[in-house]
Amino acid sequence: MVHRFTPLEGEALVAHNLKVLRKAARLSQEDVAERMTRLGFKFHQTQIAKIENGTRPLRFDEVIGLAKALSVPVGNFMTEAVAGPDEPDYELQEAGFRVQAAEQEWRTARDLEQAAKARLEEAEREYDEIAERLAAQGVDVGSARAEAEWYPAPNSPWDSLRKPPGADQ
């Protein structure tokens, strides 16, 4: 008799993906429950366990919340089974999750940089407008902005007081 693989569907697919993705992300059931609570759901670790073993039904909004809690696209979470630990491409899949997390971290850092640059440009624009207005009123504004001194972070490579490695010994 040939055993045919039956693809997972519906809640069974979500339960499978939840368990595999949670473990791949090295999250406990408690961690996922806490993330769900932060997303506005009243979840407890036992609910995650029941979902994973198929004894608790899921609402659609909970599936979306679980995908957000695991930082995975909701469409894939509901339609494609991820590899389990005993499957050959599991290690590659885990590496892919780490790449996704690093990409998200990089995008966040880039967004923060762009926001800081915009704030700097706005502050410079404001400074120039005030200096121009004061100069028009006959106030000697000098070149205070040009004379502002930059101080490097302590012990950074640009810190003139930085000790060379091994100097403490």
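To keep things clear, this report deals only with the structure shown in the data block. These numbers come from a predicted model, not from an experiment.

## Regarding unusual backbone geometry
So, point 1. Backbone geometry places arginine 26, a non-glycine residue, at a positive phi of 60°.
So, point 2. Tracing the chain through its elements places arginine 26 in the loop between α1 (10–24) and α2 (29–38).
So, point 3. Of note, serine 71 is a non-glycine position whose phi angle comes to about 60°, a positive value.
So, point 4. Residue placement: serine 71 occurs in the loop between α4 (60–69) and α5 (74–79).

## Observations regarding the nonpolar core
So, point 1. One finds Leu18, Val32, Leu66, Leu70 and Phe77 to be the most contacted residues of the largest nonpolar core, which totals 23 residues.
So, point 2. For this core, the secondary-structure elements that each account for two or more residues are α1, α2, α3 (45–52) and α4.
So, point 3. Per-element accounting of this core gives the leading share, five residues, to α1.
So, point 4. Setting aside residues up to four positions removed in sequence, leucine 18 forms contacts with Val32, Ile48, Ile51, Glu52, Leu66, Leu70 and Phe77.

## Observations concerning the side chain of glutamate 62
So, point 1. Turning to its location among the elements, glutamate 62 is positioned in helix α4.
So, point 2. Among the polar contacts listed, one links the side chain of glutamate 62 to the backbone nitrogen of arginine 59, at a separation of 3.0 Å.
So, point 3. Ignoring sequence-local partners within four residues, the contact set of glutamate 62 consists of Met36, Phe41, Phe43, Arg56 and Pro57.

Scoring rules and cut-offs
Residues numbered from 1 in each chain as written. Predicted model: local features only at pLDDT ≥ 70, side-chain atom pairs only at ≥ 80, totals over all residues. Heavy atoms only, no water. Helix = DSSP H or I, 4+ residues; strand = E, 2+ residues; numbered from the N terminus. Core = buried A, V, L, I, M, F, W, Y, C linked by side-chain atoms within 4.5 Å. Buried < 20%, exposed > 50% of the residue type's maximum accessible area, 1.4 Å probe, protein only. Contact = heavy atoms within 4.5 Å. Polar contact = N/O pair within 3.5 Å; in protein donor to acceptor, adjacent residues only side chain to side chain.

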